[in-house]
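# Overview (structure and organization)
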Amino acid sequence: MSEIITRCAIIGGGPAGYTAAIYASRANLSPLLIEGMQPGGQLTTTTEVENFPGYPQGVSGPQMMEEFRLQAQRFGTDIRLGVITAADLSQRPFRLTLDSGDTIVADSVIIATGASARYLGLPDEQKYMGMGVSACATCDGFFYRNRTVAVVGGGDTACEEAVYLSSLAKEVYLIVRKPFLRASKVMQRRVTETANIKILYNCNTKGLFGEDVVEGAHIVENAGTPEEKHFDIAIDGFFLAIGHTPNTGIFKGQLDMNNEGYIAVESPTTRTSVPGVFAAGDVSDPIYRQAVNAAASGCRAAMDAERFLLED
Ligand code: NDP
């Protein structure tokens, strides 16, 4: 097992990580970027990206991420496939363990491990991924103009996505497992006052159907009660909005985090509670979760790391 020594280790191959790499390599930090299990990050699970500035015709998520990657490589970033399985941030230099067994010894660390959308866990979600199943209405809603879609969830995200989709789609079902919405009052009102949103309370999705793409969902209402009822809805798109989980498991107990596990940063910087460790992108952003924001915070993280190393 070998030791890889670097001034700046970047964990995560999404927009935040690659942008941090572009800036860090141009600042002569010779960064090492570990791409993680899903190189390209969440954007590789979306189809067309139409809201990232600089792509007037849109671009596919994987294509855009490949271009980010090439740009980071162009300036000399050492990009490696692999997963960090453990981190010791208790003293400097920091030590990161790769799944290969190798150890990275780093003077600074930029965490850009992102967040993962939660799914219901139905096999059909995998089957129709990108073929009608999405976890991002802002990314994919445009493809459902004048179609019928469903959003799962009863929180602010679900309500926001339902309202957003209602301006594009013909009809929006909001599938809520409880008899009420958890969202803020203002969001609840917006949903209930939108004519083409139909709320299905006490409902859960049992499965999806369709030949090649999603054509409908099997719903159960009041499951496990005498009123239990099964029915199908015809839909073209199925949007999950049941929350996100930040990918911060290996840093628990080592960095300050909020209740949901998002890494706390000294905003507007990307400094975490451990000097020399920075966080960028969705891993520290429970609110905006957009690639352009992730990229911007990746830039800030690299600049913060550069400043830290200069002052060191
Ligand atoms: P939340 O955790 O607030 O809501 C998740 C929703 O998904 C809940 O209604 C929950 O149901 C439902 N859910 C969870 N698991 C399942 C499941 N297995 N099956 C069916 N339904 C499920 O997540 P959000 O992403 O909505 O919000 C996260 C945070 O971000 C919140 O604090 C929110 O207020 C904030 N936010 C703020 C916005 C704004 O201010 N504009 C916009 C978006 C988010 P149940 O209620 O039964 O638990």
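The set of residues buried in helix 6 (residues 185–192) consists of M187, Q188 and V191. When helix 6 is viewed along its axis, its buried side chains cluster within an angular range of 105 degrees and face the same direction.

Next up on the list: the side chain of S284. Relative to the helices and strands, S284 resides in the loop between strand 19 (277–279) and helix 7 (291–311). Judged by its relative accessible area of 18%, S284 falls in the buried class. In contact with S284, other than residues within four places in its own chain, are Y262, I263, V265 and A279.

Throughout the structure, instances matching the rule amount to six salt bridges. With a closest N to O distance of 2.8 Å, R80 and D78 form a salt bridge. Among the residues examined, D78 registers a relative accessible area of 30% and is labelled partly exposed. Notably, a salt bridge pairs E266 with R271, separated by 3.3 Å at the nearest N-O pair. Owing to a relative accessible area of 40%, R271 belongs among the partly exposed residues under this scheme.

A few words now on the side chain of T103. Among the structural elements, T103 can be located in strand 8 (residues 103–111). What makes T103 buried here is its relative accessible area of 16%. Look past the residues within four positions of T103 in its chain and what remains in contact with it is S2, E3, I4, R95 and L96.

With that settled, the discussion passes to the packing of aromatic side chains. Taken as a whole, this structure holds four aromatic pairs when the rule is applied. Measuring from ring centre to ring centre gives 5.6 Å for F52 and F68, while their planes differ by 70 degrees; the resulting arrangement is edge-to-face. Of this pair, F52 sits in the loop between strand 3 (48–49) and strand 4 (59–60) while F68 sits in helix 2 (residues 61–74); the two residues are 16 residues apart in sequence, bridging distant segments of the chain. For the pair F52 and F68, a shared accessibility class is recorded, and that class is buried. Consider the rings of Y144 and F239, whose centres lie 5.4 Å apart with planes at 80 degrees: the pair is edge-to-face. Here Y144 is found in the loop between helix 4 (137–140) and strand 11 (148–152), whereas its partner F239 is found in strand 17 (residues 237–240), with 95 residues between them in sequence. The structure contains a cluster of three or more aromatic residues connected by ring pairs, namely F52, Y55 and F68.

Across the interface, helix 1 (residues 15–26) lies against helix 2 with an axial gap of 8 Å and an inter-helix angle of 20 degrees. With respect to helix 2, the axis of helix 1 lies roughly parallel. Seen from above, helix 1 lies across helix 2 with left-handed handedness. Where helix 1 approaches helix 2, its residues P15, Y18, T19, A21, I22 and S25 are matched on the opposing element by M65, F68, R69, Q71 and A72. Considering only residue class, the contact of helix 1 with helix 2 consists of seven nonpolar, three polar and one charged.

So, on to the sheet that holds strand 16 (residues 229–234). Pairing is antiparallel in the open sheet, where three strands are placed in the order 14-15-16. The open sheet has two edge strands, strand 14 (203–209) and strand 16, and neither has a second partner. Shown here is a sheet whose adjacent strand axes are inclined to one another by a mean of 25 degrees, direction ignored. With six bridges connecting them, strand 15 (residues 216–221) and strand 16 associate as antiparallel partners. Its bridge partner being in strand 16, E221 is matched across the sheet by K229.

Let us look at the sheet that holds strand 11. Sheet architecture is open: five strands sit in the order 10-17-11-12-13, paired in parallel fashion. Sheet topology places strand 10 (133–134) and strand 13 (197–200) at the edges, where each strand pairs with a single neighbour. One ladder, built from four bridges, connects strand 11 with strand 17; its direction is parallel. Each bridged residue has a counterpart across the sheet, and for V151 the counterpart in strand 17 is F239. Running over the sheet, helix 5 (residues 156–166) touches strand 11, strand 12 (171–175), strand 13 and strand 17 and is turned about 170 degrees from strand 12.

Let's shift gears to the site of the ligand. Among the 13 residues in the neighbourhood of the ligand, the closest are listed as G154, D156, T157, R177 and R182. Separating an oxygen atom of the ligand from a side-chain N or O atom of T157 is a distance of 2.6 Å. Contact distances for the ligand include 2.5 Å between an oxygen atom and a side-chain N or O atom of R182. Its free accessible area being 910 Å², the ligand has 71% of it covered by the protein chains. Looking at side-chain class alone, the shell around the ligand contains three nonpolar, five polar and five charged residues.

Before going further, it helps to examine the pairing of strand 14. Bridge count between strand 14 and strand 15: six bridges; the pairing is antiparallel. Following the sheet pairing, L208 is matched in strand 15 by A217. Joining the antiparallel neighbours strand 14 and strand 15 is a turn of six residues, in which G210 adopts a positive phi near 150 degrees.

Cut-off values and rules
- Residues numbered from 1 in each chain as written.
- Predicted model: local features only at pLDDT ≥ 70, side-chain atom pairs only at ≥ 80, totals over all residues.
- Heavy atoms only, no water.
- Buried < 20%, exposed > 50% of the residue type's maximum accessible area, 1.4 Å probe, protein only.
- Helix = DSSP H or I, 4+ residues; strand = E, 2+ residues; numbered from the N terminus.
- Arc of directions from axis to C-beta.
- Contact = heavy atoms within 4.5 Å.
- Salt bridge = Lys/Arg side-chain N within 4 Å of Asp/Glu carboxyl O.
- Phe/Tyr/Trp six-rings, centres within 6.5 Å; stacked < 30°, edge-to-face > 60°.
- Axes fitted to C-alpha atoms, helices over the stretch in contact; angles between N-to-C directions.
- Parallel < 35°, antiparallel > 145°, perpendicular 65-115°, else oblique.
- Left-handed = near helix turned anticlockwise from the far one by under 90°.
- Nonpolar A, V, L, I, M, F, W, Y, C, P; charged D, E, K, R; others polar.
- Pairing = 2+ DSSP bridges.
- Near = heavy atom within 4 Å.
- Polar contact = N/O pair within 3.5 Å; in protein donor to acceptor, adjacent residues only side chain to side chain.
- Areas by Shrake-Rupley, 256 points an atom, 1.4 Å probe, with all protein chains shown as cover.

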